[in-house]
2 protein chains.
Amino acid sequence: MRKLVIGCAQLGPIQKSEPREMVVTRLMALLEKAHGQGATLVVFPELALTTFFPRWYMEGDAEVDAWFEREMPNAVTRPLFDRARELGVGMYLGYAELTPEGRRFNTSILTNTAGEIVLKYRKVHLPGHVEFDPDRAFQHLEKRYFEPGDLGFPVARALGGVMGMCICNDRRWPETYRVMGLQGVEVVMLGFNTPSVNSQKASEGPEARLFHHRLSCQSGAYQNSTWVIAAAKAGVEDGHPLFAGSLIVDPDGQIVAESETEEDELLVHACDLDRCAFGKDTIFDFARHRRVEHYGLITQRAGAEAPPE
Amino acid sequence: MRKLVIGCAQLGPIQKSEPREMVVTRLMALLEKAHGQGATLVVFPELALTTFFPRWYMEGDAEVDAWFEREMPNAVTRPLFDRARELGVGMYLGYAELTPEGRRFNTSILTNTAGEIVLKYRKVHLPGHVEFDPDRAFQHLEKRYFEPGDLGFPVARALGGVMGMCICNDRRWPETYRVMGLQGVEVVMLGFNTPSVNSQKASEGPEARLFHHRLSCQSGAYQNSTWVIAAAKAGVEDGHPLFAGSLIVDPDGQIVAESETEEDELLVHACDLDRCAFGKDTIFDFARHRRVEHYGLITQRAGAEAPPE
């Protein structure tokens with residue numbers, strides 16, 4: 001048994017006006033609580049330092065850049081990084097990244113128990129749109145404010161296992177898990193902010209959307225024999241509801257813990273990383289069963305092309 | 001609305017001693033019943049003409065070949081094909097195929113309402129093993145008796161939609177659905193025979209295995225915005241239980257019909273193929289959202305390679 005005690009740290013809403021310092025105080029409280037329960041890794045949400053700003057249409061660079069971090073850690077987040085190092089707790093943390101070259105990404109980093117950043121990920125599957133869309137019930141402008149990630153889906157040996165990351169909408173794409181599965185991933189960490197209603201289909205509410213969320217996380221876990229740790233930002237941000245559904249999913253695809261509120265809430269589970277082995281050695285022994293000669297379209301073609309009518 | 005009324009025709013067990021003529025009589029009864037309920041397409045199981053023979057270890061070619069069909073239709077199945085054509089009902093039918101060159105495949109065909117074979121598929125993801133395995137509770141010798149399919153995952157316009165096929169274990173592999181999704185598939189048909197207990201893990205019984213089955217079919221449907229029609233052969237064949245769980249899954253990933261017995265049983269649903277459009281045009285608009293530059297490992301590498309320790 002290779003036991004890794006993981007805390008899945010859901011955040012309740014962050015209002016537009018809430019300063020990062022207040023948010024970091026909340027993250028610190030969840031970190032301390034997780035440590036108190038024996039966790040050596042805490043997974044925080046996507047864009048964990050601010051409100052989910054891609055719902056707001058902005059034109060000026062200065063207004064946009066105010067939501068971004070120029071370095072990580074920085075003055076505001078350093079106390080969190082310091083405390084995590086003192087406690088010997090690794091972290092997955094999502095934030096909006098502005099590079100020295102002025103590029104913007106939806107990013108997450110992983111620190112080890114010594115407080116070192118050992119892995120960085122930039123969100124590949126950006127949902128939403130670029131321009132203001134009057135036909136939507138609300139905006140989802142990730143394609144406006146971020147470039148698609150340029151780092152692929154890297155994994156790293158850290159915290160005793162093979163660790164991988166993705167962010168929010170990535171979880172709906174089986175390619176995400178598979179590319180990590182092909183690198184032997186044992187823990188997929190992901191943070192998310194997901195509106196409770198489909199902006200383009202009012203009849204699709206939180207129950208249907210939680211179903212899709214669970215389905216995606218559970219199938220990704222099962223089909224790659226990996227733990228999946230999914231941490232939500234939840235609740236109502238300035239009138240805009242986000243569903244919760246923070247999850248810890250085992251390598252069999254079963255949910256072993258799920259959040260019960262839409263507030264700051266901690267799930268803790270002792271994950272046995274050795275439980276990944278059975279699936280990887282039998283039904284999902286990729287080397288024996290995958291037939292890459294028939295998968296060509298997956299990389300040859302981005303969009304679908306139906307046969308002629 | 002493009003309505004296609006589909007019958008999902010589950011079979012109860014076929015004992016080793018049951019002749020194909022008797023099985024065809026059962027298939028005909030299900031076909032007639034489906035027609036009576038308005039269906040113009042019936043989906044039958046994998047290896048629908050015989051018992052699930054890969055559980056039996058055989059060495060001689062003659063003994064093996066007795067389970068295979070040299071042509072389709074043939075003398076035994078012609079009455080089924082004739083009746084389907086008379087009724088104007090298309091069929092998905094799974095059978096063991098022996099080619100003129102002596103090659104063996106786990107195959108399915110699709111006929112249109114005129115009784116013509118419009119699509120052929122040969123199972124790509126063969127589970128199990130080649131040699132007798134004394135460590136298993138029972139044998140699963142698909143890799144002994146079949147070659148992996150050599151036709152990829154083709155789709156065809158037929159019966160008013162874009163139709164695709166896979167077989168049994170294929171449904172656990174997201175590549176299966178994705179390759180068809182990239183060809184605009186609207187209905188994925190699949191037959192299966194799945195033991196109720198994991199031959200390598202006695203604690204994994206029918207409840208866990210039905211969960212994995214549903215999870216795989218539902219995520220494949222949702223993530224590609226396609227109907228999935230899954231027809232089981234079920235029940236106890238010569239002491240070996242197969243679970244049922246025949247399903248009709250909508251393009252939202254929701255189960256709209258599921259079998260209730262382990263006997264011959266028919267599910268019928270009026271599938272609106274236009275319901276595939278919303279997902280394909282929004283969250284799963286592949287052209288806008290897929291990032292093939294990060295999927296390379298999916299086709300470069302069959303097996304998993306973890307980073308060095």
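Residues numbered from 1 in each chain as written. Chains lettered and ligands numbered in written order. Predicted model: local features only at pLDDT ≥ 70, side-chain atom pairs only at ≥ 80, totals over all residues. Heavy atoms only, no water.

Topic: the sheet that holds strand β9 (residues 227-233) of chain B
Pairing between the strands of a sheet comes from backbone hydrogen bonds, and it takes one of two forms, parallel or antiparallel.
Residue and element names in this part refer to chain B.
Point 1. Taken together, six strands build an open sheet; the order of strands is β6-β7-β8-β9-β12-β13 and the sheet is mixed. Each end of this open sheet is capped by a strand with a single partner; those strands are β6 (155-158) and β13 (255-258). Between one strand axis and the next, the sheet turns through 20° on average, direction left out of account.
Point 2. For β6 and strand β7 (residues 161-167), the ladder comprises four bridges, and the chain directions are antiparallel. In the sheet register, Val-155 faces β7, and the bridge partner there is Gly-164.
Point 3. Its contacts with the sheet place helix α6 (residues 206-224) against β8 (187-193), β9, β12 (247-249) and β13, and it is angled at close to 30° to β12. (Pairing = 2+ DSSP bridges. Helix = DSSP H or I, 4+ residues; strand = E, 2+ residues; numbered from the N terminus. Axes fitted to C-alpha atoms, helices over the stretch in contact; angles between N-to-C directions. Contact = heavy atoms within 4.5 Å.)

Quick word on the relation of the copies chain A and chain B
Point 1. If you rotate chain A by 180° and push it 0.0 Å along the axis, it lands on chain B with an RMSD of 0.0 Å. With respect to symmetry, the two chain copies, as superposed, fit the operation of a two-fold axis.
Point 2. Comparing contact sets, 100% of the residues at the interface of chain A also lie at the interface in chain B, consistent with an isologous, same-surface contact. (Least-squares fit on C-alpha atoms with pLDDT ≥ 70 in both.)

Here we look at helix α1 (residues 20-36) of chain A
Residue and element names in this part refer to chain A.
Point 1. Between the first and last C-alpha of α1 there are 24 Å, a value that for 17 residues agrees with the 24 Å anticipated at 1.5 Å per step.
Point 2. Every buried residue of α1 is accounted for by Arg-20, Val-23, Val-24, Arg-26, Leu-27, Leu-30, Leu-31 and Ala-34. On an axial view of α1, the arc spanned by its buried residues comes to 155°, and they lie on one face. Counted as exposed and oriented over 90 degrees from the buried face of α1: Thr-25 and Gly-36.
Point 3. Looking at the buried positions of α1, the neighbouring elements they touch are β1 (3-10), β2 (41-43), α3 (78-87), β3 (90-98) and β14 (265-272).
Point 4. Two residues or fewer past α1, Gly-38 is found with a positive phi of approximately 95°. (Expected span 1.5 Å × (residues − 1). Buried < 20%, exposed > 50% of the residue type's maximum accessible area, 1.4 Å probe, protein only. Arc of directions from axis to C-beta.)

Regarding the interface of chain A and chain B
Point 1. With 68 residues of chain A at the contact, the number on the chain B side is 68 residues.
Point 2. Our count for the chain A to chain B interface comes out at six salt bridges.
Point 3. The closest approach of N and O atoms between Glu175(A) and Arg178(B), which form a salt bridge, is 2.6 Å.
Point 4. At the junction of chain A with chain B, the criterion picks out 35 residue pairs in polar contact (both at pLDDT 80 or more).
Point 5. When contributions to the side of chain A that touches chain B are tallied by element, the ones reaching two or more residues are β6 (155-158), α5 (174-181), α6 (206-224), α8 (286-289) and α9 (296-300) of chain A.
Point 6. A class-by-class count of the residues in the side of chain A that touches chain B yields 29 nonpolar, 23 polar and 16 charged. (Salt bridge = Lys/Arg side-chain N within 4 Å of Asp/Glu carboxyl O. Polar contact = N/O pair within 3.5 Å; in protein donor to acceptor, adjacent residues only side chain to side chain. Nonpolar A, V, L, I, M, F, W, Y, C, P; charged D, E, K, R; others polar.)

Digging into the environment of Met58(B)
All names here are of chain B.
Point 1. Inspection of the secondary structure assignment puts Met-58 in the loop between β2 (41-43) and α2 (61-65).
Point 2. On the accessibility criterion, Met-58 (3% relative accessible area) is buried.
Point 3. Placed 220 residues apart in sequence, Met-58 and Phe-278 show a C-alpha to C-alpha distance of 49 Å.
Point 4. For Met-58, the residues in contact, after removing those within four places along its chain, are Phe-53, Glu-63, Val-64, Trp-67, Arg-144 and Tyr-145.

Section: the pattern of salt bridges
Point 1. Taken as a whole and judged by the stated rule, the model has 60 salt bridges over all chains.
Point 2. Several salt bridges converge on common partners, so that one network encompasses Glu97(A), Arg103(A), Lys120(A), Arg122(A), Glu147(A) and Asp150(A).

Remarks on the side chain of Arg104(B)
All names here are of chain B.
Point 1. Locating Arg-104 in the fold gives a position in strand β4 (residues 104-111).
Point 2. Among the residues examined, Arg-104 registers a relative accessible area of 15% and is labelled buried.
Point 3. In terms of polar contacts, Arg-104 uses its side chain to reach the side chain of Asp-65, at 2.9 Å.

Digging into the packing of helix α5 (residues 174-181) of chain B against α6(B)
All names here are of chain B.
Point 1. Across the interface, α5 lies against α6 with an axial gap of 10 Å and an inter-helix angle of 30°. As far as their axial angle goes, α6 and α5 are roughly parallel. As for how α5 packs across α6, the hand of that crossing is right-handed. Here Tyr-177, Arg-178 and Gly-181 of α5 lie close against α6, whose contacting residues are Ser-216, Cys-217, Gly-220, Gln-223 and Asn-224.
Point 2. Of the residues assigned to the contact of α5 with α6, the class counts are two nonpolar, five polar and one charged. (Parallel < 35°, antiparallel > 145°, perpendicular 65-115°, else oblique. Left-handed = near helix turned anticlockwise from the far one by under 90°.)

A word on the packing of aromatic side chains
Point 1. Enumeration according to the criterion identifies 22 aromatic pairs over all chains in this entry.
Point 2. Residues Phe68(A) and Phe146(A) carry aromatic rings whose centres are separated by 5.6 Å and whose planes lie at 50° to one another, so their mutual orientation is tilted. Pair noted here: Phe68(A) is in the loop between α2 (61-65) and α3 and Phe146(A) is in the loop between α4 (142-145) and β6, with a separation of 78 residues, a long-range link.
Point 3. The buried category is assigned to Phe68(A), whose relative accessible area is 4%.
Point 4. An angle of 50° between the planes, with centres 6.0 Å apart, marks the rings of Phe192(B) and Phe243(B) as tilted. You can see Phe192(B) sitting in strand β8 and its partner Phe243(B) sitting in the loop between β11 (240-242) and β12, a full 51 residues away along the chain. You'll find Phe192(B) and Phe243(B) in the same group, each marked buried. (Phe/Tyr/Trp six-rings, centres within 6.5 Å; stacked < 30°, edge-to-face > 60°.)

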